[in-house]
Amino acid sequence: MDKLFDRLQMLEDRYEELGELLSDPEVIADTKRFTELSKEMADLRETVEKYNQYKEVSQRISDDEEMLNEGLDDDEMTEMVKAELADSKDEKQALEEEIKILLIPKDPNDDKNIIMEIRGAAGGDEASLFAGDLFNMYSKYAERQGWSIEVIDRNMTEVGGFKEVAMLINGKNVYSKLKYESGAHRVQRVPVTESAGRVHTSTATVVVMPEAEDVEIELDPKDIRVDVYRSSGAGGQHINKTSSAVRMTHLPTGIVVAMQDQRSQQQNREKAMKILKARVYDYYASQEQDAYDENRKSAVGTGDRSERIRTYNYPQNRVTDHRIGLSLNKLDRIMNGELEDVIDALILFDQTKALEKLQDA
């Protein structure tokens, strides 16, 4: 713990320095810097408060042990001090664990909203139906978390599933909980169309991207080619009469976003730009090889999107997450949005690995 305490003292010193800086008239006049320093101070607050609690408890333990070593004339007082000492040691141990978690380097995207894209992959109609099931699962989970969902693009199939669907999920710490969902999801079940009752295997892919803010990525208009065309498919009389659909191509990366789900060209432009920014931000982030790659290896499945991360076995009512070897026989509840056990296990696994690295550093 000695290295961790050195780090804690540095954080406390920085916290006090930030308090002084935020009362400096020059800093107050600089709105951007004031906002950045305020956020940094807010991010440190809980860790510093826990550290101060830890120091107070440690001092209390030291005082109680000293009193007991010197001896007390009153037996009742001795028992009271012993009881307080036992409680303080329990509190100290709990604070140590909390502080370790707080010292894990925070993913700067954790508190962001996300854009989630789900696509039917191998398996034809069954894959698109499974993509629809995953969409419903995440929608119900988001509802349980008190988050809001906005579908920003969809391409439905005749059987009722999705070739692809994209949604914006807004709320508190969305990325921190759903960032582990990127990858290939496999389903094993008897398709509705299968008369012989044979179990088929199909896959759908999920991509989770933090919503990119303007301050994080600015796309040069010269780097974006915009094509407009007439929408196709169901949608009413306006279809094929106006060029409301939009296709945006980011020339440096070749990333393409097509949007026709909204009724007006302006709405489609706005939604397409939102997705394009998220994809380009995600693309460039993945190019930062050294630290970023190491982070992806330590994180649970936030990397290779072709990686098979989870199997949903309907005949056995079982969900298995292959990254951490977790199997739960409650597929029906998980598909109803009760994802907490899976996501909490992934977070705990990731934190444990991060703590090991932190203590070895």
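Here the structure is a predicted model, which is why all the values come from computation and not from measurement.

Overview of the overall build of the protein chain
Move 1: On a plain count of helices and strands, the protein chain comes out with 10 helices and 11 strands.
Move 2: Within the protein chain, contacts between residues separated by at least 24 positions form 62% of all contacts whose residues are at least 6 apart in sequence.
Move 3: As presented, the protein chain carries roughly 19,800 Å² of accessible surface, and 47% of it is formed by carbon and sulfur atoms.

Comments concerning the environment of Thr320
Move 1: Within the secondary structure, Thr320 sits in strand β10 (residues 318-321).
Move 2: Each C-alpha atom of the pair Thr320 and Arg310 lies 5.6 Å from the other, and the pair is 10 residues apart in sequence.
Move 3: Residues within four places of Thr320 in sequence aside, it is in contact with Ile309, Arg310, Thr311, Leu326 and Ser327.
Move 4: Separated by 3.5 Å, the side chains of Thr320 and Arg318 make a polar contact.
Move 5: In terms of polar contacts, Thr320 uses its side chain to reach the side chain of Ser327, at 2.9 Å.

Focus on unusual backbone geometry
Trans peptide bonds make up most of the peptide bonds, and negative phi angles are found at most residues other than glycine.
Move 1: The backbone of Asn173 shows a phi angle near 55 degrees, a positive value even though the residue is not glycine.
Move 2: Summarising the element assignment, Asn173 is placed in the loop between β3 (162-170) and α6 (174-178).
Move 3: At Asn317, a position not held by glycine, the phi torsion is positive, near 50 degrees.
Move 4: By the secondary structure assignment, Asn317 is in the loop between β9 (308-313) and β10.
Move 5: What makes Asn317 partly exposed here is its relative accessible area of 26%.

Side note on the side chain of Arg323
Move 1: Inspection of the secondary structure puts Arg323 in the loop between β10 and β11 (326-328).
Move 2: Since its relative accessible area comes to 16%, Arg323 is described here as buried.
Move 3: A polar contact is formed between the side chain of Arg323 and the backbone oxygen of Tyr180, at a distance of 2.6 Å.
Move 4: Looking at Arg323, its side chain comes within polar contact range of the side chain of Asp321, at 2.7 Å.

Some details on the confidence of the model for the protein chain
Move 1: In the predicted model, the protein chain carries a mean pLDDT of 83, and 86% of its residues have values of at least 70.
Move 2: Ranking the helices and strands of the protein chain by mean pLDDT puts helix α9 (residues 331-334) first, with 95, and helix α8 (residues 289-298) last, with 48.
Move 3: Low pLDDT, under 50, characterises residues 234-240; the stretch is placed with nine contacts to residues that sit more than four places away or in other chains.
Move 4: Note that pLDDT drops below 50 for residues 295-299; the model gives that stretch nine contacts with residues more than four away or on any other chain.

Side note on the pattern of salt bridges
Move 1: For the coordinates displayed, the defined rule picks out 24 salt bridges.
Move 2: Here the salt bridges do not stand alone but share partners, grouping Glu117, Arg119, Glu164 and Arg279 into one network.

Some thoughts on the environment of Ser128
Move 1: As for its position among the elements, Ser128 is in helix α5 (residues 125-145).
Move 2: The sequence separation of Ser128 and Asn155 amounts to 27 residues, and the corresponding C-alpha distance is 9.9 Å.
Move 3: Apart from residues lying up to four places away in sequence, Ser128 is in contact with Gly120, Thr157, Val159, Gly161, Phe162 and Lys163.

Some remarks on the pairing of strand β1 (residues 114-120)
Move 1: Among the seven residues of β1, five are classified as buried, and the element is accordingly described as predominantly covered.
Move 2: Where β1 lies against β3, six bridges are found, and the strand directions are antiparallel. Bridge pairing in β3 places Ile114 opposite Ile169.

What counts, and where the lines are drawn
Residues numbered from 1 in each chain as written. Predicted model: local features only at pLDDT ≥ 70, side-chain atom pairs only at ≥ 80, totals over all residues. Heavy atoms only, no water. Helix = DSSP H or I, 4+ residues; strand = E, 2+ residues; numbered from the N terminus. Contact = heavy atoms within 4.5 Å. Areas by Shrake-Rupley, 256 points an atom, 1.4 Å probe, with all protein chains shown as cover. Polar contact = N/O pair within 3.5 Å; in protein donor to acceptor, adjacent residues only side chain to side chain. Buried < 20%, exposed > 50% of the residue type's maximum accessible area, 1.4 Å probe, protein only. pLDDT = per-residue confidence, 0-100. Salt bridge = Lys/Arg side-chain N within 4 Å of Asp/Glu carboxyl O. Pairing = 2+ DSSP bridges.

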